[in-house]
Amino acid sequence: MQNGALALSANTIALFADTMALFADALALFADALALFADTMALFANALALFADTMPLQGIAKLNLLRINEMLYLADYVV
C-alpha cells in the first residue's frame, strides 16, 4: 500500500513538473505574442503617419488638377 502511495506521489510530482514546463512555454509564447503586438502597433502608427502625410499631397494634386482643367478649358475657349 505504501509503495502504491509513493508511486502515485512520484507520478503527481512528475505531472506537476510537466505542467510547470508547459506553463513556462505558454508564458514564452505570450511574451512573443506581446512583442508581435507591439510591432503591429508601431507599424500601425507608421501607417497613420504616412496617411497624414498623404492628405496635403492629395489636396495639392486636386488643386493642380483644377488648374490643369481650367487651362484646358481656357485653351479650348481661346482656340
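Residues numbered from 1 in each chain as written. Predicted model: local features only at pLDDT ≥ 70, side-chain atom pairs only at ≥ 80, totals over all residues. Heavy atoms only, no water.

Engineer: Tell me what's going on with the overall build of the chain, and back it up with residues and numbers.
Structural biologist: For the chain, the count of helices and strands is one helix and zero strands. Overall size of the chain, expressed as C-alpha extent along the three principal axes, is 110 × 15 × 10 Å. For the chain, the proportion of its 79 residues judged to be buried stands at 0%. When the accessible surface of the chain is summed, it comes to about 7,200 Å², and 75% of that surface belongs to carbon and sulfur atoms. (Helix = DSSP H or I, 4+ residues; strand = E, 2+ residues; numbered from the N terminus. Buried < 20%, exposed > 50% of the residue type's maximum accessible area, 1.4 Å probe, protein only. Areas by Shrake-Rupley, 256 points an atom, 1.4 Å probe, with all protein chains shown as cover.)

Engineer: Explain a nonpolar patch on the surface residue by residue, including any values.
Structural biologist: Taken together, the side chains of Phe16, Met20, Phe23 and Leu27 present a nonpolar region at the surface, about 420 Å² in accessible area. By the secondary structure assignment, phenylalanine 16 is in helix H1 (residues 2-78). Classification of phenylalanine 16 by relative accessible area gives exposed; the value is 53%. (Patch = residues over 30% accessible without salt bridge, like charges linked within 9 Å, V, L, I, M, F, W, Y side chains within 5 Å. Salt bridge = Lys/Arg side-chain N within 4 Å of Asp/Glu carboxyl O.)

Engineer: Outline the environment of alanine 10, supporting the account with residue identities and numerical values.
Structural biologist: Structurally, alanine 10 is set in helix H1. A relative accessible area of 44% places alanine 10 in the partly exposed class.

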